[in-house]
Amino acid sequence: MAALSIQRFADLEQLSGAAAAEFCRVAREAVAERGSCAVALSGGSTPRRLFQLLADEPYLGQVDWSHIEIFWSDERAVEPNSPDSNFKMAKDALLDRLRLAPRQVHRMQAERSDCDAAALDYEKEIASVLSGGGVPSESTPAMDLVLLGMGPDGHTASLFPETAALVETRRWVVANQVPKLGAERMTMTAPYLNSSRHVFFLVSGADKAETLRRVLEGPSVPRELPAQLIR
């Protein structure tokens, strides 16, 4: 796995452009080496501009999208057409332009009444797509690229401070109750995110600067700053 690399940009546009170029590079290399590229998208406000750039030239034509498998790192327990849905944001900003085959888009069904059962089904879908079938085992099929953000509280994906998902060591995907939000989320776990070949954190906004400094330079307190769990 590549070493940590930190790049700084003047604004969100430059950050998004650099991320788009790196996305295309990773996708091309994965397709060339393994015949496909599995990507887990993130939600939040920061990646929207990245998605818009990927949906247009010069980036659109740099990727053979017929060989890209789209997953999500986390999702809110809302219907897929909700404005709060991570899926909908990606659909509006990116997927509608790509016209992917339905089999290439692997949505988290976090709106189901039993979110943990939905998380188990998502694990099976990951196994089916990335390892040709079967169920989760000790042989973990890795994502080629995971896009992550970070909240002002240090959460990433839906791994929020002091929540149960932070201590999960075996599962790839779990339901996670977030008491401070009064909500349930579905999220990939830290061990599964850490199995990925590439992880990009996109962090923007002055309100996150001090938290990011603590994540990178402060003591290890992952229950308070879950982003520290990602290696």
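These notes cover the structure that comes with them. (Residues numbered from 1 in each chain as written. Predicted model: local features only at pLDDT ≥ 70, side-chain atom pairs only at ≥ 80, totals over all residues. Heavy atoms only, no water.)

**Topic: the overall build of the protein**
Working step 1: Assigned secondary structure in the protein consists of six helices and seven strands.
Working step 2: In the protein, the succession of α and β elements from N to C terminus is α-β-α-β-β-α-α-β-β-β-α-β-α.
Working step 3: Here the protein has a C-alpha radius of gyration of 17 Å; the compact-globule value for 231 residues is 17 Å, and the two agree.
Working step 4: Counting only C-alpha atoms and orienting by the principal axes, one finds that the protein spans roughly 45 × 40 × 35 Å.
Working step 5: The buried share of the protein, taken over its 231 residues, is 46%.
Working step 6: For the protein, the proportion of contacts with a sequence separation of at least 24, taken over those separated by at least 6, is 71%.
Working step 7: Accessible area of the protein: about 11,200 Å², with a carbon and sulfur share of 49%.
Working step 8: With 25 positive and 31 negative side-chain charges, the protein shows a spacing of 1 Å between the two charge centroids. (Helix = DSSP H or I, 4+ residues; strand = E, 2+ residues; numbered from the N terminus. Rg over C-alpha atoms; globule rule 2.2 N^0.38 Å. Buried < 20%, exposed > 50% of the residue type's maximum accessible area, 1.4 Å probe, protein only. Contact = heavy atoms within 4.5 Å. Areas by Shrake-Rupley, 256 points an atom, 1.4 Å probe, with all protein chains shown as cover. Lys, Arg positive; Asp, Glu negative; His and termini not counted. Charge placed at Lys NZ, Arg CZ, Asp CG, Glu CD.)

**Description of helix H2 (residues 47-54)**
The α-helix advances 3.6 residues per turn, and as a result positions three or four apart in sequence lie on the same side.
Working step 1: Listed as buried for H2 are Pro 47, Leu 50, Phe 51, Leu 53 and Leu 54. For H2, the angular spread of the buried residues around the axis is 160°, confining them to a single face.
Working step 2: Residues of H2 that are buried in the fold lie against helix H1 (12-34), strand E1 (37-41), helix H3 (86-98) and strand E4 (145-148). (Arc of directions from axis to C-beta.)

**Quick notes on the sheet that holds strand E5 (residues 173-178)**
Working step 1: If you trace the three strands from one edge of the open sheet to the other, you get E3-E6-E5, paired in antiparallel fashion. With one partner strand each, in any of the chains shown, strand E3 (74-76) and E5 form the two edges of the open sheet. Going from strand to strand, the sheet's axes swing by 25° on average, the running direction of each strand aside.
Working step 2: Pairing between E5 and strand E6 (residues 183-188): six bridges, direction antiparallel. Among the inter-strand pairings, Ala 175 is bridged to a residue of E6, identified as Met 186.
Working step 3: Its contacts with the sheet put helix H4 (residues 115-131) on E5 and E6, and the angle it makes with E5 is roughly 150°. (Pairing = 2+ DSSP bridges. Axes fitted to C-alpha atoms, helices over the stretch in contact; angles between N-to-C directions.)

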